[in-house]
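# Understanding the architecture of this molecule
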Amino acid sequence: IDSDCGSDAWTAISNHLLHKGNGISVHLMVAGIGSVCDDASIQDMQKSMGNLLSVKTYPKGTHSIHNSVRDEFMADLLQVIEGTSVQKKEL
């Protein structure tokens, strides 16, 4: 199925984060084997989000990155989690 649903959703997310995201970042984790994300698509995603997007490609990773390169994926995920802070809002 060929549709623009994915790019439309990405654009909506990008617009929201750039205007109301409060510094939220996005981590794109790309499988190196059999990924549906080609280089042109990744470049488009980077253009739309600018410095809010970090991209990591797992050369030996397949579609299920968390299964195919578990140790590397988990180490990266842990870094993302540890680098995240929660901001409390007063009511």
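The structure we're discussing is the one just above.
The rules behind the values
- Residues numbered from 1 in each chain as written.
- Predicted model: local features only at pLDDT ≥ 70, side-chain atom pairs only at ≥ 80, totals over all residues.
- Heavy atoms only, no water.
- Helix = DSSP H or I, 4+ residues; strand = E, 2+ residues; numbered from the N terminus.
- Buried < 20%, exposed > 50% of the residue type's maximum accessible area, 1.4 Å probe, protein only.
- Axes fitted to C-alpha atoms, helices over the stretch in contact; angles between N-to-C directions.
- Parallel < 35°, antiparallel > 145°, perpendicular 65-115°, else oblique.
- Left-handed = near helix turned anticlockwise from the far one by under 90°.
- Contact = heavy atoms within 4.5 Å.
- Nonpolar A, V, L, I, M, F, W, Y, C, P; charged D, E, K, R; others polar.
- Salt bridge = Lys/Arg side-chain N within 4 Å of Asp/Glu carboxyl O.

### What to know about the overall build of the chain
Across its full length, the chain holds four helices and two strands. In the chain, the succession of helices and strands from N to C terminus is α-β-α-β-α-α. Over its C-alpha atoms, taken along the principal directions, the chain stretches across nearly 45 × 35 × 20 Å. Evaluated residue by residue, the chain yields a buried proportion of 21% over its 91 residues.

### Details of the packing of helix α1 (residues 5-20) against helix α2 (residues 39-49)
Two elements in contact, α1 and α2, have axes whose closest approach is 9 Å; the angle formed by their N-to-C orientations is 25°. Taken together, the axis directions place α1 and α2 in an arrangement best described as roughly parallel. In this structure, α1 crosses over α2, and the sense of that crossing is right-handed. The segment α1 lies against α2, with W10, I13, S14, L17 and L18 engaging M45, S48 and M49. By residue class, the composition of the contact of α1 with α2 is six nonpolar, two polar and no charged.

### A few points about the pattern of salt bridges
Following the criterion strictly, the structure yields two salt bridges and no others. Note that E72 and K56 form a salt bridge whose closest N and O atoms lie 3.0 Å from each other. Pair noted here: E72 is in helix α4 (residues 70-82) and K56 is in strand β2 (residues 53-58), with a separation of 16 residues, a long-range link. Residue K56 is classed as partly exposed on the basis of its relative accessible area of 29%. Within the structure, one salt-bridge network assembled from shared partners comprises K56, E72 and D76.

### What about the side chain of S14?
For S14, the location among the structural elements is in helix α1. When its relative accessible area of 2% is taken as the criterion, S14 is described as buried. When sequence neighbours within four positions are dropped, the list of residues in contact with S14 reads S48 and M49.

Function cannot be read off these values alone, since they describe shape.
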